[in-house]
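Working through the structure, step by step
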Amino acid sequence: GREVPKVIDETDPDYRLYLEFIASQVEENFAYWRDTVHQKYPEVVFVVSTTTIPSLINPRMTTNLVRLADSPKSEFFLALNKKFNLKVFEENSSLAKPEDDIRMVLGWTLLRDSAEGRPPHIWTSGFSDRQQTLAFVSAVLTYGAIANLDVAEANLLDVNRLPEKTPREALEAAFALGNKVSPYLSHTHPMRWAAIHFSERSRDYRGSDLVTAWREVLWPVTGAFGVFVIEGLPVVIVNDYQFENGQLDGYKLLFLTNPDELTPSQRQSVEQFEANGGVVIKNDKNWT
């Protein structure tokens with residue numbers, strides 16, 4: 001038989017097929033567990049860790065898992081994690097790297113929108129002071145997510161404080177802000193104005209060529225998203241499943257990252273969107 005390599009090559013085509021199989025089995029299992037538990041305990045919220053999704057490039061998990069979760073969970077800085085990004089920027093110096101803050105909020109937005117607007121839990125291990133803690137909570141709430149602060153019991157009791165964890169006074173300020181804002185956010189949904197298509201299908205079509213996947217698929221998503229964020233415009237991410245099923249009601253503008261790679265159903269969704277008065281912007285490969 002084939003010798004198992006000591007170091008896994010994340011770009012190996014056979015290994016990527018294996019990851020695709022694992023991802024589909026994880027989704028099937030979580031759907032079964034969720035439905036089984038909900039039959040007896042309908043109030044239970046399934047919070048599912050969707051670790052690699054914010055990296056955009058990593059195929060270990062798909063947005064379908066996010067859709068199956070009542071609330072997806074990720075971490076504040078995971079979009080920047082070198083391991084989950086498969087070191088694509090570190091090992092390819094010619095590849096331009098997007099701004100860190102845009103990559104982070106794009107990851108949270110992708111989780112939120114793939115979960116049909118349900119808020120994701122964005123976890124952090126802690127911050128050293130009140131100002132940083134409130135900045136974290138404010139940023140996460142702004143993008144429709146739940147600010148999930150790790151709470152160290154030692155810091156709550158104010159005994160043998162852990163310096164790497166959030167101090168008690170900062171936790172109190174964060175929870176006070178959450179209590180003040182949450183009633184206004186409860187039962188709301190992201191505003192539908194601009195939609196950007198994120199295509200895992202187009203990404204996976206590039207196979208193990210991570211640089212091409214970033215240049216031709218993921219940079220157009222990130223770049224367009226960054227423009228809308230900087231301009232302060234409401235922007236939502238639409239994945240392949242949503243696009244395939246024509247879930248474009250209410251949007252005014254649609255940005256297509258790879259317009260020549262749409263499925264017949266997606267092309268039909270575009271035609272219907274335009275017929276209803278929607279504006280479509282198609283990415284041009286010549287744009288920087």
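Below, the structure is looked at part by part. (Residues numbered from 1 in each chain as written. Predicted model: local features only at pLDDT ≥ 70, side-chain atom pairs only at ≥ 80, totals over all residues. Heavy atoms only, no water.)

1. Considerations on the pattern of salt bridges
Tallying each qualifying case throughout the model produces 11 salt bridges. Across the pair Glu75 and Lys73 runs a salt bridge whose closest N-O atoms are separated by 3.3 Å. Residue Glu75 is classed as partly exposed on the basis of its relative accessible area of 28%. Residues Asp204 and Arg203 are paired through a salt bridge, measuring 2.9 Å at the closest nitrogen-oxygen approach. The class for Asp204 is partly exposed, based on a relative accessible area of 37%. You can call Arg203 buried: its relative accessible area is 3%. One salt-bridge network, in which partners are shared between bridges, spans Arg206, Glu216 and Glu261. (Salt bridge = Lys/Arg side-chain N within 4 Å of Asp/Glu carboxyl O. Buried < 20%, exposed > 50% of the residue type's maximum accessible area, 1.4 Å probe, protein only.)

2. Description of empty space enclosed by the protein
For the structure shown, the criterion picks out two cavities of 30 Å³ or more. Lining of the largest cavity is provided by Pro54, Ser55, Leu56, Ala79, Asn85, Arg103, Leu106, Trp214 and Thr222. For the lining of the largest cavity, a count of residues per class yields five nonpolar, three polar and one charged. When its volume is computed, the second largest cavity comes out at roughly 30 Å³. As for the second largest cavity, its lining consists of His197, Ser199, Arg201, Ser202, Asp240, Asn258, Glu261, Leu262 and Gln266. The class makeup of the residues in the lining of the second largest cavity is one nonpolar, five polar and three charged. (1 Å grid on protein atoms, 1.4 Å probe; cavity = no way out; pocket = protein on both sides within 12 Å on 5 of 7 lines; lining within 4 Å. Points joined across faces, edges and corners; volume = space filled by probe spheres on them. Nonpolar A, V, L, I, M, F, W, Y, C, P; charged D, E, K, R; others polar.)

3. A few points about the pairing of strand β6 (residues 235-239)
Most of β6 sits inside the fold, with five of its five residues counted as buried. Residues Val235, Ile237 and Asn239 of β6 are buried on one face, and the alternating residues Val236 and Val238, pointing to the opposite face, are buried as well. Relative to β6, strand β5 (residues 194-198) runs parallel, the two sharing five bridges. Its bridge partner being in β6, Ala195 is matched across the sheet by Val236. (Helix = DSSP H or I, 4+ residues; strand = E, 2+ residues; numbered from the N terminus. Pairing = 2+ DSSP bridges.)

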